Amino acid sequence: MRPLMAILVALVLQTAQCKAEDWQTVAPEGLGFSIAFPVRPSDEAKDVELRDGSVAKYRTFQILNENVIYDMTVIDYPAGSLTSQTAEQVIDGARDGLVTDFPDAKLRSEAKIELAGRPAREVLIESMGMIIKGRMLPLGDRLYYVGTIAREEVQASATVQKFVASFKLTDTGKR
């Protein structure tokens with residue numbers, strides 16, 4: 001996973017994309033969320049083997065636009081695998097996994113927040129001169145991750161703020 005993240009960060013540093021005129025709302029059936037991207041994102045589904053040999057299903061929606069990577073990932077863990085943990089424990093594990101995915105990453109800060117009235121967390125991670133800003137929300141055996149990768153001064157932009165604020169749970173996501 002680390003080589004992929006290094007490539008993505010390098011793309012952010014070197015690539016400028018055209019400005020978006022119309023935001024695109026993504027609300028995939030059965031995933032229980034909606035979110036707006038500045039342009040239509042890619043959509044990738046993959047199975048990832050976990051340490052215990054079980055498989056989690058990842059669905060990632062991602063774009064690179066104006067030197068920012070916008071990411072919305074939904075991870076469905078095997079049924080019952082997260083029920084023995086508190087929301088805080090699930091988030092701690094997700095945070096630790098996120099930090100280890102990036103080269104020379106350092107957790108700069110984290111804050112307990114609520115998303116859709118549920119416990120969630122926002123983290124800021126430094127890696128390779130970039131800031132990874134992510135929000136994590138566990139819900140049953142599913143984990144929602146909304147994040148951006150950009151230079152620090154870009155993280156406060158209206159476009160980044162609009163993307164992050166646009167995340168909503170739909171009725172099918174309220175488990």
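Our subject is the structure listed above.
Values in this document were obtained by computation on a predicted structure and should not be read as measured data. (Residues numbered from 1 in each chain as written. Predicted model: local features only at pLDDT ≥ 70, side-chain atom pairs only at ≥ 80, totals over all residues. Heavy atoms only, no water.)

S.K.: Tell me what's going on with the packing of aromatic side chains, and back it up with residues and numbers.
M.R.: Here the structure, examined in full by the defined rule, presents six aromatic pairs. Relative to Tyr144, the ring of Phe33 has its centre 6.1 Å away and its plane inclined at 75°; by these criteria the two rings are edge-to-face. Placement of Phe33 in strand β2 (residues 33-37) and of Tyr144 in strand β9 (residues 142-150) is noted, with a sequence separation of 111 residues between them. Just as Phe33 is buried, Tyr144 falls in that class too. (Phe/Tyr/Trp six-rings, centres within 6.5 Å; stacked < 30°, edge-to-face > 60°. Helix = DSSP H or I, 4+ residues; strand = E, 2+ residues; numbered from the N terminus. Buried < 20%, exposed > 50% of the residue type's maximum accessible area, 1.4 Å probe, protein only.)

S.K.: Got a sec to walk through the pairing of strand β6 (residues 106-115)? Specific residues and values, please.
M.R.: Where β6 meets strand β7 (residues 118-127), nine bridges bridge the pair, whose relative direction is antiparallel. When the sheet's bridge partners are listed, Lys112 is paired in β7 with Arg121. Between the end of β6 and the start of β7, which pair antiparallel, lie two residues, with Ala116 showing a positive phi angle near 55°. (Pairing = 2+ DSSP bridges.)

S.K.: An account of the sheet that holds strand β3 (residues 42-49) is needed here, citing residue identities and associated values.
M.R.: With respect to topology, seven strands assemble into an open sheet ordered β3-β4-β5-β9-β8-β7-β6, the strand pairing being antiparallel. Strands with a single pairing partner mark the edges of an open sheet, and in this sheet they are β3 and β6. Sheet twist, expressed as the mean angle between neighbouring strand axes with direction ignored, is 20°. In terms of strand pairing, β3 meets strand β4 (residues 55-65) through eight bridges, oriented antiparallel. Residue pairing for β4: Val48 is matched across the bridge by Ala56. Running at roughly 15° to β7, helix α2 (residues 87-101) makes contact with β6, β7, β8 (130-139) and β9 of the sheet. (Axes fitted to C-alpha atoms, helices over the stretch in contact; angles between N-to-C directions. Contact = heavy atoms within 4.5 Å.)

S.K.: Could you give an account of the sheet that holds β2, with specific residues and numbers?
M.R.: Strand order in the open sheet formed by three strands is β1-β2-β10, and the pairing between neighbours is antiparallel. Looking at which strands have only one partner, the edges of the open sheet turn out to be β1 (24-26) and β10 (168-169). Sheet analysis places β2 next to β10, joined by two bridges and oriented antiparallel. The residue bridging Phe33 from the neighbouring strand is Leu169, located in β10.

S.K.: Go over the pairing of β7, please, and point to the residues and values.
M.R.: As a general feature of sheets, a regular strand has side chains that alternate between the two faces. Of the pairings in the sheet, the one linking β7 to β8 comprises seven bridges and is antiparallel in character. In the sheet register, Ser127 faces β8, and the bridge partner there is Met130. From the end of β7 to the start of β8, which pair antiparallel, there are two residues, and Met128 there has a positive phi angle of about 55°.

S.K.: Could you give an account of the pattern of salt bridges, with specific residues and numbers?
M.R.: The tally for this structure, following the rule as stated, stands at 13 salt bridges. Asp92 is paired through a salt bridge with Arg95; the nearest N and O atoms lie 3.3 Å apart. Of this pair, Asp92 and Arg95 both sit in helix α2, separated by three residues, roughly a single helical turn. Using a relative accessible area of 27% as the deciding quantity, one classes Asp92 as partly exposed. (Salt bridge = Lys/Arg side-chain N within 4 Å of Asp/Glu carboxyl O.)

S.K.: Could you give an account of the side chain of Arg121, naming the residues involved and the relevant values?
M.R.: Tracing the backbone through its elements, the reader meets Arg121 in strand β7. Overall, the relative accessible area of 3% leaves Arg121 in the buried class. A polar contact is formed between the side chain of Arg121 and the side chain of Asp92, at a distance of 2.6 Å. Other than its neighbours up to four places away in sequence, Arg121 contacts Glu88, Ile91, Asp92, Arg95, Glu110, Ala111, Lys112, Ile113, Gly134, Arg135 and Met136. (Polar contact = N/O pair within 3.5 Å; in protein donor to acceptor, adjacent residues only side chain to side chain.)

S.K.: Just give me the short version of the environment of Tyr144, but keep the residues and values in it.
M.R.: A relative accessible area of 1% places Tyr144 in the buried class. Separated by 25 residues in sequence, Tyr144 and Leu169 have C-alpha atoms that sit 9.7 Å apart. A distance of 2.7 Å separates a polar side-chain atom of Tyr144 from the backbone oxygen of Leu31.

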